[in-house]
Amino acid sequence: MATLFISDLHLEPGRPEIGEQFLAFLAGPARDADALYILGDLFEAWIGDDDPNPYYAQMKTAIRALSDSGVPVFFMHGNRDFMIGETFAAEAGITLLSDPHPLQLYGEHVLLSHGDALCTDDVEYQQVRAMTRNPDWQAMMLSKSIEERIAFAAQAREQSLARSESMTEEIADVSQDAVHQTIRESGADILLHGHTHRPAVHPFHVDERPVHRIVLGDWYEQGSMVEWDADGPRLEELPRK
Ligand code: MN
């Protein structure tokens with residue numbers, strides 16, 4: 001038995017192959033897990049739990065089937081699906097986690113995060129993040145019609161794409177200062193996050209203490225998962241069948 005971690009699937013109706021792999025994952029290997037943690041950007045966009053698009057209902061039903069089978073499913077917001085709310089959580093049978101979330105696993109102090117909060121070199125993004133995580137801003141957004149929210153999400157996505165194309169590699173990645181500070185303050189042995197789409201295991205030291213940063217990959221070309229059992233964590237690719 002193992003605890004499984006995934007992130008950055010960026011599910012959307014226009015990329016059916018990702019959804020098919022996710023559905024097979026939920027009905028297959030995830031059924032044998034101790035727990036499944038989804039560390040954000042499960043969806044490419046989320047305009048509200050009241051979105052009537054049947055694609056999202058299909059994904060919700062499949063996640064529900066996993067949690068109903070006895071596998072606890074935890075979810076942390078990403079920068080794409082930060083509007084996922086308690087209604088979706090209840091219907092999908094998942095537990096929402098705040099970011100960061102500490103976890104004890106096989107004697108290790110693990111800190112889970114989506115990862116966008118660590119990208120502190122991108123000052124403009126952090127301002128947008130602070131605004132869009134504000135409950136008043138979210139209430140204002142949810143008071144708009146579905147059509148208005150779909151249009152807003154499409155516009156936000158275009159702006160985000162244009163920005164990421166003009167950004168340097170360093171600014172788009174996590175800040176090493178932020179990583180060190182986060183590990184120092186939390187006392188974590190292992191920081192596990194996604195968001196940057198740069199899957200890797202980074203060993204380093206914080207105040208002479210050996211630590212690791214594990215980065216999950218996205219699901220654009222294949223799946224990515226951390227499988228963690230008594231032998232420790234393993235970062236794995238999940239080939240597309
Ligand atoms: Mn992200």
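Now for a quick tour of the structure. (Residues numbered from 1 in each chain as written. Predicted model: local features only at pLDDT ≥ 70, side-chain atom pairs only at ≥ 80, totals over all residues. Heavy atoms only, no water.)

Turning to the layout of surface pockets, a few remarks are in order. Empty space within the largest pocket amounts to approximately 1,300 Å³. Of all elements in the fold, only α4 (123-132), α5 (135-142), α6 (146-165) and α7 (169-172) reach the threshold of two or more residues within the lining of the largest pocket. Among the elements that line the lining of the largest pocket, the one with the most residues is α6, at twelve residues. Here the lining of the largest pocket is composed, by residue class, of 19 nonpolar, eleven polar and 15 charged. (1 Å grid on protein atoms, 1.4 Å probe; cavity = no way out; pocket = protein on both sides within 12 Å on 5 of 7 lines; lining within 4 Å. Points joined across faces, edges and corners; volume = space filled by probe spheres on them. Helix = DSSP H or I, 4+ residues; strand = E, 2+ residues; numbered from the N terminus. Nonpolar A, V, L, I, M, F, W, Y, C, P; charged D, E, K, R; others polar.)

What follows is about the sheet that holds strand β10 (residues 223-229). Judged by pairing direction, the sheet is mixed, and its six strands sit side by side in the order β4-β3-β2-β1-β10-β11 without closing on themselves. Whereas interior strands pair on both sides, the edge strands pair on one side only; in this sheet they are β4 (94-97) and β11 (232-238). Neighbour to neighbour, the strand axes of the sheet diverge by 25° on average, direction disregarded. In this structure, strand β1 (residues 3-6) lies alongside β10, joined through three bridges in antiparallel fashion. Residue F5 lies in a different strand from β10, and its bridge partner there is V226. (Pairing = 2+ DSSP bridges. Axes fitted to C-alpha atoms, helices over the stretch in contact; angles between N-to-C directions.)

Our next topic: the packing of aromatic side chains. Here the structure, examined in full by the defined rule, presents 13 aromatic pairs. Geometrically, the ring pair formed by F22 and W219 is edge-to-face, given 6.5 Å between the ring centres and 85° between the ring planes. A residue pair is termed long-range when its members are at least 10 positions apart, and F22 in helix α1 (residues 16-27) and W219 in the loop between β9 (209-215) and β10 qualify at 197 residues. Of the two residues examined, F22 and W219, each falls in the buried class. (Phe/Tyr/Trp six-rings, centres within 6.5 Å; stacked < 30°, edge-to-face > 60°. Buried < 20%, exposed > 50% of the residue type's maximum accessible area, 1.4 Å probe, protein only.)

Attention now goes to the coordination of the manganese ion. The manganese ion binds to the protein through D41 (OD), N79 (OD1), H114 (NE2) and H195 (ND1); the donor distances cover 2.0 to 2.2 Å. Counting along the primary sequence, the residues that act as donors to the manganese ion give the motif D-x37-N-x34-H-x80-H. Linking D41 in the loop between β2 (35-38) and α2 (54-68) with N79 in the loop between β3 (73-76) and α3 (86-92), this pair joins segments that are 38 residues apart in sequence. With a relative accessible area of 1%, D41 lands in the buried category. (Donors = N, O, S within 2.8 Å, 3.2 Å for Na, K, Ca; no water.)

Most of β10 sits inside the fold, with six of its seven residues counted as buried. In terms of strand pairing, β10 meets β11 through seven bridges, oriented antiparallel. Note that in β11 the partner of S224 across the bridge is E237. In textbook terms, the turn of a hairpin is the stretch between consecutive antiparallel strands, and for β10 and β11 this stretch comprises two residues.

Turning our attention to the pairing of β1. Burial along β1 is two-sided: T3 and F5 facing one way and L4 and I6 facing the other are all buried. Bridge count for β1 against β2 is four bridges, and the pairing is parallel. From the neighbouring strand, F5 faces β2, where its bridge partner is Y37. Since β1 and β2 lie parallel, the crossover through α1 that links them has a hand, and here it is right-handed. (Right-handed = clockwise from strand over helix to strand, strands pointing away.)

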